[in-house]
Amino acid sequence: MTRHQPEPEPQRQPEPDTGRDPAAPAGRAAPAPDPAELPGGAAVEAEGIGLKGPRGWVFREVTVEAAPGSVVALTGASGTGRTCLLLALTGRMKLTEGEARVGGLRLRKQAAAIRRTAALAHVPGVDDLEPSLTVGEHLRERVLLQRRYGTAPLAALKAALRSPRQRRADARRVHDEALAAAGLDLATLPKGPRTAVRDLERLERLRLCVALALIGRPRLIAVDDVDLKLSAPLREEAWALLASVAASGVTVLAVCGEAPAALPGDVPLVVVVTDRATGARTAEEAPAEPAPKADDTDETEKETADALAETGRA
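All figures in this text were calculated on a predicted structure; none of them were measured in a lab.

Caption draft 1: Layout of the overall build of the chain. Within the chain, the secondary structure is distributed over 8 helices and 10 strands. Counting the 314 residues in the chain, one finds 39% classified as buried. For the chain, the accessible area works out to roughly 18,500 Å², and carbon and sulfur atoms hold 51% of it.

Here you go:
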């Protein structure tokens, strides 16, 4: 009886590297990474953007160019659309004209994705703190909300598979990192974490708002009225706080009455001066502003109030 020898298997030639994910279907390239999930700060690029409200243009012809990890100071007279510009650049208001990109995302097409990467730290009338709640209650609430609604599906699934002890440790770590980045020491408060928000000083409240925003690990945070009702030393502390956040890689948008000449640590500073006549200009292009008339101020404040009301309803 003759035994048949098994035929040798043909050698496989190595497949050329096409840059495609092997698990992806044939003929379809692997999807590009989502810019919203990329680490680091978000670059802000805007060219000729404008927002028109029921009473006319709130701002127009705005141009902004800021690198990741910069502080963008939006300054100008009251009623010139500073807050609306802040909300528009974070995806909370819909532009009427122009085009902008935040972190590589198109503002007019991907506003929802931008809202997931840009957090509001202190915008009165939009994200007000509850005065009767304590500091600790605000922090615990934000950690729970972030874990439930602010996490990507895959990350939420991985977190659900961890033990309760590990989840508590992760929440405590995020909590402590946010407080450290905002420079808020709970031990220095009158009643520690049980201090009510109504009992906080203005700078302490700003630090709490920044800490709450950083819990979500955003790429960009927005702060309104940074220097409102602050003395000169407290203004320096507020800008030093924002500079430290930017130095960690998070881009900062800040509305202010007067922009600083420079920031500590050589943090990049971009100044945009809003103007009713021409929308917005850079600090070098802005001329000396004449005193606004009372009628003009009232009208522009009404336009801003209408726009903020529309944002609140959204």
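Right, picking up where we left off after that structure.
Caption draft 2: Structural detail: the packing of helix α5 (residues 164-182) against helix α6 (residues 202-215). With their axes 8 Å apart at the nearest point, α5 and α6 run at an angle of 140 degrees to one another. Relative to α6, the element α5 lies oblique. Crossing handedness for the pair α5 and α6: right-handed. Residue-level contacts link V174, A178, L179, A181 and A182 of α5 to R207, V210, A211, L214 and I215 of α6. For the contact of α5 with α6, the per-class residue count stands at 9 nonpolar, no polar and 1 charged.

Caption draft 3: Focus on the pairing of strand β8 (residues 251-256). Among the 6 residues that make up β8, 6 are buried, leaving the element largely enclosed by the rest of the structure. By the alternation rule, side chains of β8 split into T251, L253 and V255 and V252, A254 and C256, which are all buried. Pairing between strand β3 (residues 71-75) and β8: 5 bridges, direction parallel. Opposite T75, over in β8, you have C256 as the bridge partner. As paired strands, strand β7 (residues 220-223) and β8 are joined by 4 bridges and run parallel to one another. Each residue of the ladder has a partner; that of L220, found in β8, is T251. After leaving β7, the chain enters helix α7 (residues 232-247) and then returns to the sheet as β8, a path that is right-handed.

Caption draft 4: Structural context of the sheet that holds strand β2 (residues 56-66). With antiparallel pairing, 4 strands are arranged side by side in an open sheet as β2-β1-β4-β5. Strand pairing shows two members of the sheet lacking a second neighbour, β2 and β5 (105-106), which therefore form its edges. The sheet contact formed by strand β1 (residues 44-53) and β2 spans 7 bridges and is antiparallel. Counted as the bridge partner of G53 is G56 from β2.

Caption draft 5: Here's a closer look at the pairing of β3. The buried fraction of β3 amounts to 5 of the 5 residues, a majority that puts the element mostly inside the structure. The alternating pattern of β3 places V71, A73 and T75 on one face and V72 and L74 on the opposite face, and all of these are buried. Sheet analysis places β3 next to strand β9 (residues 269-275), joined by 5 bridges and oriented parallel. The partner of T75 across the bridge, within β9, is V273.

Caption draft 6: Spotlight on the side chain of R82. Here R82 is to be found in helix α1 (residues 82-89). D225 is the oppositely charged side chain nearest to the buried, salt-bridge-free R82, at an N-O distance of 4.2 Å. Looking at R82, its side chain comes within polar contact range of the main-chain oxygen of G76, at 3.2 Å. If we ignore the near neighbours within four places in the chain, the residues touching R82 are L74, T75, G76, A77, D225, V255, C256, G257 and T274.

Caption draft 7: Region of the structure containing α7. The end-to-end C-alpha distance of α7, which contains 16 residues, comes to 22 Å, matching closely the 22 Å that a straight helix rising 1.5 Å per residue would cover. Every buried residue of α7 is accounted for by A238, W239, L241, L242, A243, V245 and A246. Where α7 is buried, its residues touch β3, α5, α6, β7 and β8. Taken from the residues just after α7, G249 is the one with a positive phi, measuring 115 degrees.

Caption draft 8: Inspection of the nonpolar core at higher detail. Ranked by internal contacts, the top residues of the largest apolar core, which has 44 residues, are L139, L208, V210, I221, W239, V245 and V252. Those elements giving two or more residues to this core turn out to be β3, β6 (118-122), α3 (135-149), α5, α6, β7, α7 and β8. With 10 residues, the single largest contributor to this core is α6. Excluding its chain neighbours within four sequence positions, the residues that come into contact with L139 are H175, L179, L186, L208, L212 and I215. Within the second largest apolar cluster, 35 residues are counted, among which are A46, V64, L87 and V255.

So, how was this worked out
Residues numbered from 1 in each chain as written. Predicted model: local features only at pLDDT ≥ 70, side-chain atom pairs only at ≥ 80, totals over all residues. Heavy atoms only, no water. Helix = DSSP H or I, 4+ residues; strand = E, 2+ residues; numbered from the N terminus. Buried < 20%, exposed > 50% of the residue type's maximum accessible area, 1.4 Å probe, protein only. Areas by Shrake-Rupley, 256 points an atom, 1.4 Å probe, with all protein chains shown as cover. Axes fitted to C-alpha atoms, helices over the stretch in contact; angles between N-to-C directions. Parallel < 35°, antiparallel > 145°, perpendicular 65-115°, else oblique. Left-handed = near helix turned anticlockwise from the far one by under 90°. Contact = heavy atoms within 4.5 Å. Nonpolar A, V, L, I, M, F, W, Y, C, P; charged D, E, K, R; others polar. Pairing = 2+ DSSP bridges. Right-handed = clockwise from strand over helix to strand, strands pointing away. Lys, Arg positive; Asp, Glu negative; His and termini not counted. Salt bridge = Lys/Arg side-chain N within 4 Å of Asp/Glu carboxyl O. Polar contact = N/O pair within 3.5 Å; in protein donor to acceptor, adjacent residues only side chain to side chain. Expected span 1.5 Å × (residues − 1). Core = buried A, V, L, I, M, F, W, Y, C linked by side-chain atoms within 4.5 Å.

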